[in-house]
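Coordinate analysis (summary)
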There are 2 protein chains.
Amino acid sequence: MNPGNILVAQGGGPTAVINQSVVGVALEARKYAQVRSVYGALHGVRGIVKEDFINLSRETPDNLELVAATPSSGLLSTRDKPDEEYCARMFEIMRKHDIRYFFYAGGNDSSDTVRIVNQQARDIGYEFRAVHIPKTIDNDLACNDHCPGFGSAARFVSQAFMGLNLDNRALEGVLIGVVMGRHAGFLTAASALAQKYPDDGPHLIYVPERPFSTDRFLADVDRVMHKEGLCIIAVSEGIQDEAGEAIATKLATTVERDAHGNVQLSGTGALGDLLAGLLKDKLKLKRVRADTFGYLQRSFMGVVSDRDAREAREVGEMAVQYALLDDKDGSVVIRRPILDYGVEYALAPLADVAGKTRHMPDEFLNGEGNGVTDAFLRYCRPLAGSTLPRPHRFRAPKVAAI
Amino acid sequence: MNPGNILVAQGGGPTAVINQSVVGVALEARKYAQVRSVYGALHGVRGIVKEDFINLSRETPDNLELVAATPSSGLLSTRDKPDEEYCARMFEIMRKHDIRYFFYAGGNDSSDTVRIVNQQARDIGYEFRAVHIPKTIDNDLACNDHCPGFGSAARFVSQAFMGLNLDNRALEGVLIGVVMGRHAGFLTAASALAQKYPDDGPHLIYVPERPFSTDRFLADVDRVMHKEGLCIIAVSEGIQDEAGEAIATKLATTVERDAHGNVQLSGTGALGDLLAGLLKDKLKLKRVRADTFGYLQRSFMGVVSDRDAREAREVGEMAVQYALLDDKDGSVVIRRPILDYGVEYALAPLADVAGKTRHMPDEFLNGEGNGVTDAFLRYCRPLAGSTLPRPHRFRAPKVAAI
């Protein structure tokens, strides 16, 4: 294959470790004599059609490491979804710059973009390798045991619920935490890592994989309140009813959709407030609070899983190796031959990953549809990092009444 | 003064470091031979009237240190505000248990409780010392340079806005972050610590100390959008109009009040969603998001300012010294003779602190009422801890168009 330039870009929602992947590409590529320069496209595919590149070969290793440790997409992102015509314009630019290797870090939508781009390259006979680098806090990419970005977001959600447990124990009431997750409940389920003491929350966990029933929700909360005198609830923003309609959209007066046709679920407290209102109205509960985690959970500065960061770096490095050493296209996937804990990487066909959504397997969810199993905890705990902070309680004995 | 037992309790909203103060009391008290036992009242003054105590003298130093490092009120809290009759019941219990020293960690309301209790003790001639230990993420206690709990919450808010900056730069739009603060804007203002690069947000900061005008708000956002193409906004939950009415309550259908007559502002996304709706309607902006930080900001596990933790410990230790060595009542206050950075402690009369609210001084707020001054940054930066994480950007040069 021709020597040429490398192009790397980031698409979709940011994560806390997505810059690790770009830096993994940039540093790994420096080892190959045939690589002239590593370009970064600003704002993903949008930067490609606009010929908006920076030359990452001019970055110092020191600054690359500093950016790698910074959350969110350092090359900036986009939600553009290229069609045939968009791709044709991308190739025109890439050809002009003699780009022969394209690495795109992103989720379901981004992997589909890589698939389209790759197909276009073949159709027009342009010598080209394109590799999708996995990234999503939703953890919903097919063929992967888990996805870079998820572990750090899971760590944030877990630490957040630890705090909500402690806070709500001090001043009893009901606390609903609304977590990102449109179709997959992995991140919401990670709230269960906050449980240390037997009475710790979240006492109830609702995910999109199980239909949400208002009646069952009310009965669940009523039961927990009678037992514990307080209740911590984790809810995915994407919970839906039996008919598949999102609970959040049922009450939205104006529905906002992005270029992929997705309805806005984050960046609004509506779902949490609706559920809190339900509990106040129907169960006559007084202190009901709803916290919607919103964008805090995916780019928060300073909460990173060490394992997640390492793997995000490695999928970038592996992407370069698959393309430059093996001359292959595809999507880098993570497998876990050792449950607690070791990973290995492989290259899956783009068509196996693109546009597909992985859901939580049944064995991770309890029969009542309101909690997770021990199998999920064993799966998730290592991903949140080698050292999760843990809460502690006083153990002093009661003083006898006089 | 008689030897006797010590009682320590926590009141009001939790902070990330309030357990440091209780542990400071417990460990300092172990040095005094005349102290028989250190009791902790569960759920603040409520636990006193219910005779619900644990014996902290039976805690190991190791477990005390583990609890000290755990956020929220380990002794649990209350929002009860004792009246004369409530106090009479408290004394009955305290006398039965030979409690001669009472330490209560809390905010404005709790300091007022200490004042009432202390007055009652004098009135009935009960030999008794009561010291208020300052605590509040709102940073609004009179006589203090700053309050334990604020620094860690400021650190959380700052790290959160660093993440929102990075996230919103990747996928441009408007992001409103709603921060706790009913009457004082210190915590919302701490969002300014997130600014590193000249174009970093928050670009606009609104606090309760300046009347909030919808028209000025719209003009401010419009100006920032034209200049930056994106806008990050920090808003106190307690912003109010010229007439002093809270913007949040203007839209609430049902208004919830606590025992102190305070309206519920936290635990709902309503204010953020209202402001986001305004921007969409009036400025025709498309991507407008609102994140309400809610309870995450005051008990989040794992985000603590080292200076804040140290001072929270010391105000507990000093409270014991003032009562047992100096035989005095009062409220421990923090002064800062060295701006960057050193503190000293003093004992203020309870009446000088109780029930008073400190607001942001004019020199901390800009003339437009939509931002903070350098004086505020110099004041606030050390409080968030000796090492705040910092974001980094790529510095690579643009690739020339072909």
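Because the structure is a prediction, the values reported are computed rather than measured. (Residues numbered from 1 in each chain as written. Chains lettered and ligands numbered in written order. Predicted model: local features only at pLDDT ≥ 70, side-chain atom pairs only at ≥ 80, totals over all residues. Heavy atoms only, no water.)

1. Here we look at the overall build of chain A
- Assigned secondary structure in chain A consists of 14 helices and 11 strands.
- Against the compact-globule benchmark of 21 Å for 402 residues, chain A has a radius of gyration of 23 Å, which places it among compact chains.
- Structurally, chain A occupies a C-alpha span of about 85 × 45 × 30 Å along its principal axes.
- In chain A, buried positions account for 66% of the 402 residues.
- When the 47 basic and 52 acidic side-chain charges of chain A are each reduced to a single mean position, those positions are 4 Å apart. (Helix = DSSP H or I, 4+ residues; strand = E, 2+ residues; numbered from the N terminus. Rg over C-alpha atoms; globule rule 2.2 N^0.38 Å. Buried < 20%, exposed > 50% of the residue type's maximum accessible area, 1.4 Å probe, protein only. Lys, Arg positive; Asp, Glu negative; His and termini not counted. Charge placed at Lys NZ, Arg CZ, Asp CG, Glu CD.)

2. Considerations on the packing of helix H4 (residues 84–96) of chain A against helix H5 (residues 108–123) of chain A
Residues and elements named next belong to chain A.
- The contact between H4 and H5 brings their axes to 10 Å, and the two run at 65°. With respect to H5, the element H4 is oriented roughly perpendicular. The chirality of how H4 crosses H5 is right-handed. Where H4 approaches H5, its residues Glu84, Cys87, Ala88, Met90, Phe91 and Met94 are matched on the opposing element by Ile116, Val117, Gln120 and Ala121.
- For the contact of H4 with H5, a count of residues per class yields 8 nonpolar, 1 polar and 1 charged. (Axes fitted to C-alpha atoms, helices over the stretch in contact; angles between N-to-C directions. Parallel < 35°, antiparallel > 145°, perpendicular 65-115°, else oblique. Left-handed = near helix turned anticlockwise from the far one by under 90°. Contact = heavy atoms within 4.5 Å. Nonpolar A, V, L, I, M, F, W, Y, C, P; charged D, E, K, R; others polar.)

3. Examining the domain arrangement of chain A
All names here are of chain A.
- Segmenting chain A into domains produces domain 1 (4–148 + 303–353) and domain 2 (151–300 + 360–384).
- Summarising the inter-unit geometry, the C-alpha centres of domain 1 and domain 2 are found 32 Å apart.
- On the side of domain 2, 23 residues touch domain 1, which itself brings 27 residues to the contact.
- Summed over both partners, the interface of domain 1 with domain 2 comes to about 2100 Å²; 56% of that surface belongs to carbon and sulfur atoms.
- Of all residues in domain 1, Arg79, Ile137 and Val303 give up the largest surface area on contact with domain 2, accounting jointly for 31% of the area buried on that side.
- Here domain 1 is connected to domain 2 by 0 salt bridges. (Domains from an automatic or database assignment. Buried area = accessible area lost by both parts, 1.4 Å probe. Salt bridge = Lys/Arg side-chain N within 4 Å of Asp/Glu carboxyl O.)

4. Description of the relation of the copies chain B and chain A
- Taken as rigid bodies, chain B and chain A are interconverted by a rotation of 180° and an axial shift of 0.0 Å, the fit giving an RMSD of 0.0 Å. The symmetry that links the two subunits is that of a two-fold axis. For chain B, the smallest separation between a C-alpha atom and the rotation axis is recorded for Gly269 of chain B, amounting to 2.1 Å. (Least-squares fit on C-alpha atoms with pLDDT ≥ 70 in both.)

5. As for the side chain of Thr113 of chain B
- Looking at the secondary structure, you find Thr113 of chain B in helix H5 (residues 108–123).
- Of the residues examined, Thr113 of chain B reaches a relative accessible area of 2% and is grouped as buried.

6. Brief notes about the sheet that holds strand S9 (residues 288–292) of chain B
Residues and elements named next belong to chain B.
- With parallel pairing, the 4 strands of this open sheet are ordered in space as S7-S8-S6-S9. The open sheet has two edge strands, strand S7 (204–206) and S9, and neither has a second partner. Strand-to-strand twist of the sheet, defined as the mean angle between neighbouring strand axes without regard to direction, takes the value 15°.
- Seen against the sheet, helix H8 (residues 214–228) touches strand S6 (174–179), S7 and strand S8 (231–236) and runs at an angle of roughly 160° to S7.
- Strands in contact with helix H10 (residues 270–283) are S6, S8 and S9; relative to S6, the strand with the most contacts, it is inclined by about 155°. (Pairing = 2+ DSSP bridges.)

7. A few points about the pairing of S8 of chain B
All names here are of chain B.
- Within S8, 6 of the 6 residues are buried, which leaves the element mostly enclosed by the surrounding structure.
- In S8, alternate side chains face the same way, and those of Cys231, Ile233 and Val235 on one face and Ile232, Ala234 and Ser236 on the other are all buried.
- Where S6 lies against S8, 6 bridges are found, and the strand directions are parallel. Within S8, the residue paired with Val179 across the bridge is Ser236.
- Where S7 and S8 come together, 3 bridges link them in parallel fashion. Each residue of the ladder has a partner; that of Tyr206, found in S8, is Val235.

8. Regarding the pairing of strand S6 (residues 174–179) of chain A
- Along S6 of chain A, 6 of the 6 residues are buried, which leaves the element largely enclosed by surrounding structure.
- The alternating pattern of S6 of chain A places Val174, Ile176 and Val178 of chain A on one face and Leu175, Gly177 and Val179 of chain A on the opposite face, and all of these are buried.

9. Quick look at the interface of chain B and chain A
- Each partner contributes residues to the interface: chain B has 87 residues there, and chain A has 87 residues.
- Area buried by chain B at its contact with chain A is led by Met301, Phe394 and Val399 of chain B, which between them contribute 12% of it.
- Counting across the interface, chain B meets chain A through 6 salt bridges.
- At the surface where chain B touches chain A, the tally comes to 44 residue pairs in polar contact (both at pLDDT 80 or more).
- Looking at the side of chain B that touches chain A, the elements with two or more residues in it are helix H1 (18–29), strand S3 (53–55), helix H3 (61–68), helix H6 (150–170), H10, S9 and helix H11 (296–299) of chain B.
- Top contributing element to the side of chain B that touches chain A by residue count: H6 of chain B, with 10 residues. (Polar contact = N/O pair within 3.5 Å; in protein donor to acceptor, adjacent residues only side chain to side chain.)

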